[in-house]
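Per-entry structural report
Here is how the chains run, residue by residue.
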Amino acid sequence: MEEGKMDENEWGYHGEGNKSLVVAHAQRCVVLRFLKFPPNRKKTSEEIFQHLQNIVDFGKNVMKEFLGENYVHYGEVVQLPLEFVKQLCLKIQSERPESRCDKDLDTLSGYAMCLPNLTRLQTYRFAEHRPILCVEIKPKCGFIPFSSDVTHEMKHKVCRYCMHQHLKVATGKWKQISKYCPLDLYSGNKQRMHFALKSLLQEAQNNLKIFKNGELIYGCKDARSPVADWSELAHHLKPFFFPSNGLASGPHCTRAVIRELVHVITRVLLSGSDKGRAGTLSPGLGPQGPRVCEASPFSRSLRCQGKNTPERSGLPKGCLLYKTLQVQMLDLLDIEGLYPLYNRVERYLEEFPEERKTLQIDGPYDEAFYQKLLDLSTEDDGTVAFALTKVQQYRVAMTAKDCSIMIALSPCLQDARSRFAFSVSVLDLDLKPYESIPHQYKLDGKIVNYYSKTVRAKDNAVMSTRFKESEDCTLVLHKV
Ligand SMILES: O=P(O)(O)O[C@@H]1[C@@H](OP(=O)(O)O)[C@H](OP(=O)(O)O)[C@H](O)[C@H](OP(=O)(O)O)[C@H]1OP(=O)(O)O
Ligand SMILES: Nc1ncnc2c1ncn2[C@@H]1O[C@H](COP(=O)(O)OP(=O)(O)OP(=O)(O)O)[C@@H](O)[C@H]1O
C-alpha cells in the first residue's frame, strides 16, 4: 500500500457486517476492511491497532492451522492517511444500507486491514480478462449440541439456526422463515446439499450473496430490500453455465441455470485439499449428536413419507465445510455447560485482575494460544485452567459458527474435465470477544424458549388437525 498515493476515488463501497466495513479497489484485487463502532464509543488509535493486529494474528496462528493455508487469507494491518479515510467515509456513506448505519466507520485511527479481494480472487489459472462469479455463504452452526449439560430437550432435536429463524421473524429482522437448515448443507449428502442451497437462493437473508466481477448481483443489501428475482439472476449467470446457448430464456432456462449453479457449488464445497491441522481435532470431534434437524423441511418430508433419515455426514475430510464443522465442535459443552466455567474465570479475574494478561483473554493469539485449544478433555478438575481452556475453545467455535465461505468460479476453457477454475476461501475470522459470553447465554435461552412455547405449540396443533383429517403432508422435493 503506497500510503502517500491513496486516492479515495480508486476505492468503492463493497459491503459491511455488524462490526466492519469493506471497500474494494477498482482495479487491483484488494480490499480495505475498517472497524465500525457505535457513535460515542470511540477507541484510541493504539487500541484499534491492537484489535486489528489480534485479528491478523488469530487468522495466522489459529485459523490457518485449523482450516489450512489455502483457505485462510489473514491479510495485514495498514496505516492510511487520515484525510484519505475521511474522504472515503464521506464518499461511501450514501451507499451504506440504512440498517447498518447504527455504527460509524472508524475514521480517527487511520488503521485498517488490507486483504485480497476474495470476490475477484485471481490465481495463475484465472486469466485476467475472464469473468468471475463469486458465491458467499454464511453457513452458521452445522451440528446439534451433544453436550449432556443441555437442559432444553428441544436443543437435541432442532438446530439453533432453525429455532432462531422464528425469533428473527417475530422481531422483524426478516420477513419469512427460511427453508435452509445448516445440517442439510453440512450433511455431505448431495440431495440435502442441493435442497439447502436452493433454499438459500429462495431466502438469502444474510446467508447468501452472489457477486459478478466483484459486484453484488444477488442477496440482501439491506434487511428491508431483498433482491430475489431468479430470472434476473439467471440472466446474469447464463453466460457462465450455458455460454453458447445465447437465445434461450424463460422459466425453463431459469430453472436450468439455477440447477447448474446449485450443482457446481455442491461439487466445489465437496472438493478440497487436505492441508491444515483440523485432523488433530478428529479423535474427540467425530460426528456426534443427531444427523438431522427435526425442523428442516427436507427431513420432515422424509419422515412424512416414512423414509429413513439419510446417512450421516459424508463430507470429505479435506473440504472446508468439514474443517469448519470440526472447529465449530470445539464448543463441546454448549453454552449451558460453558457458562458456569465462564463465571469461574470471572470470579478469578475479580480477585486477580492483573492476571487477565497472563490468561491471554485479549491476546496475544500466538502459537501457545493455539496449542492450548487442542486439549479436548471434558473432565472438570475444578481449576481455572480447565475453565479457561473451555472458554477459549468456545470463543473459537463461535467464530467458526459465524464465518463465511467465498467460492470464486471462473470459466476454464482449456481444461476439458472441469468447466470452472475455482478457489474457496473463508472470511470473517475475528475471534468472538470474551465479554459476549453472557449475551450468548441469554440469547440461547430466549431462542429456545420462544421456539418451544410458540412454534412447537402451533406446530402440534396443526399436525394433530392434519393427522385427524388424514391429509398428505408430503413436501414435493423438486429435483434441482
Ligand atoms: O448470534 P447469531 O447467531 O445471531 O450471530 C450474529 C449474526 O447474526 P445472524 O444470526 O447470523 O444474522 C450477526 O450478523 P448480522 O449483523 O445479523 O448480519 C453478526 O455476525 C454477529 O457477530 P458479531 O457480534 O458482529 O461479531 C453474530 O453474533 P455471534 O453470535 O456470532 O457473536
Ligand atoms: N477479503 C474480502 N474480499 C471480498 N469481500 C470481502 C472480504 N472481506 C469481507 N468482504 C465482504 O464484506 C462483507 C462484510 O465483511 P465481514 O463479514 O468481515 O463483516 P463483519 O462486520 O465482521 O461481519 P459480521 O456481521 O459477521 O460481524 C462480507 O459479507 C463480504 O461480502
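For the structure itself, look to the data block above.
Reading the values: rules and limits
- Residues numbered from 1 in each chain as written.
- Chains lettered and ligands numbered in written order.
- Predicted model: local features only at pLDDT ≥ 70, side-chain atom pairs only at ≥ 80, totals over all residues.
- Heavy atoms only, no water.
- Pairing = 2+ DSSP bridges.
- Helix = DSSP H or I, 4+ residues; strand = E, 2+ residues; numbered from the N terminus.
- Axes fitted to C-alpha atoms, helices over the stretch in contact; angles between N-to-C directions.
- Contact = heavy atoms within 4.5 Å.
- Phe/Tyr/Trp six-rings, centres within 6.5 Å; stacked < 30°, edge-to-face > 60°.
- Buried < 20%, exposed > 50% of the residue type's maximum accessible area, 1.4 Å probe, protein only.
- Near = heavy atom within 4 Å.
- Polar contact = N/O pair within 3.5 Å; in protein donor to acceptor, adjacent residues only side chain to side chain.
- Areas by Shrake-Rupley, 256 points an atom, 1.4 Å probe, with all protein chains shown as cover.
- Parallel < 35°, antiparallel > 145°, perpendicular 65-115°, else oblique.
- Expected span 1.5 Å × (residues − 1).
- Nonpolar A, V, L, I, M, F, W, Y, C, P; charged D, E, K, R; others polar.

**Topic: the sheet that holds strand E10 (residues 404-411)**
Taken together, the five strands give an open sheet; going across it, the order is E9-E8-E7-E10-E11, and neighbouring strands pair in antiparallel fashion. Each edge of the sheet is formed by a strand with only one pairing partner; in this case those strands are strand E9 (215-219) and strand E11 (420-427). Each strand of the sheet is rotated relative to its neighbour by a mean of 20°, with strand direction disregarded. Strands in contact with helix H7 (residues 251-269) are strand E7 (133-137), strand E8 (208-212), E10 and E11; relative to E10, the strand with the most contacts, it is inclined by about 115°.

**Digging into the packing of aromatic side chains**
Using the criterion set out here, one finds 13 aromatic pairs in the structure. For the pair Trp11 and Phe84, a centre-to-centre distance of 6.4 Å together with 65° between the ring planes defines the contact as edge-to-face. On the criterion of sequence distance, the pair formed by Trp11 in strand E1 (residues 11-16) and Phe84 in helix H2 (residues 82-92) is long-range, its members being 73 residues apart. The pair formed by Trp11 and Phe84 is uniform in burial state, with each residue classed as buried. Geometrically, the ring pair formed by Phe58 and Tyr365 is edge-to-face, given 5.9 Å between the ring centres and 75° between the ring planes. Here the residue Phe58 occupies a position in helix H1 (residues 45-67), and Tyr365 occupies one in the loop between helix H10 (334-351) and helix H11 (367-372), the gap between them amounting to 307 residues. When its relative accessible area of 0% is taken as the criterion, Phe58 is described as buried. Taken together, the aromatic side chains of Tyr339, Tyr342, Tyr434 and Tyr441 make up a single cluster linked through ring pairs.

**Some thoughts on the site of ligand 2**
Surrounding ligand 2, one finds 22 residues, the nearest of these being Asn18, Lys19, Ser20, Glu136 and Asp428. Interatomic distance of 2.7 Å between a backbone N/O atom of Asn18 and an oxygen atom of ligand 2. Protein contacts shield 93% of the accessible area of ligand 2, which totals 620 Å² for the unbound molecule. Only E1, strand E2 (20-25), strand E3 (30-37), strand E6 (111-116) and E8 provide two or more residues apiece to the shell around ligand 2.

**Considerations on the pairing of E6**
Here E6 lies mainly inside the structure; five of its six residues are buried. Direction of pairing for strand E4 (residues 76-79) relative to E6: antiparallel, over a ladder of four bridges. Within E6, the position partnered with Gln79 by the bridge is Tyr111.

**What to know about the packing of H1 against helix H12 (residues 384-401)**
Following both chains from N to C, one finds H1 and H12 inclined at 75°, their axes separated by 12 Å at the closest point. In terms of orientation, H1 lies roughly perpendicular with respect to H12. Contact residues: Phe58, Met63 and Phe66 in H1; Val396, Thr399 and Ala400 in H12.

**Here's the deal with helix H5 (residues 190-202)**
Between its terminal C-alpha atoms H5 stretches 18 Å, which fits the 18 Å expected from 13 residues at 1.5 Å a residue. Extensive coverage of H5 is indicated by the burial of ten of its 13 residues. Among the residues of H5, those classed as buried are Arg192, Met193, His194, Phe195, Ala196, Leu197, Lys198, Ser199, Leu200 and Leu201. Between the side-chain oxygen at the start of H5 and the backbone nitrogen of Gln191 there is a gap of 2.9 Å, and the oxygen is on Asn189.

**Here we look at the site of ligand 1**
Around ligand 1 there are 15 residues in total, and Arg100, Lys168, Lys173, Lys432 and Gln440 lie nearest to it. Lys19 has a polar side-chain atom sitting 3.1 Å from an oxygen atom of ligand 1. In the model, an oxygen atom of ligand 1 is placed 2.4 Å from a nitrogen or oxygen of the Lys173 side chain. Contact with the protein chains covers 83% of the free accessible surface of ligand 1, which is 590 Å². Looking at which element gives the most residues to the shell around ligand 1, the answer is helix H3 (residues 160-170), with three residues. Of the residues assigned to the shell around ligand 1, the class counts are two nonpolar, four polar and nine charged.

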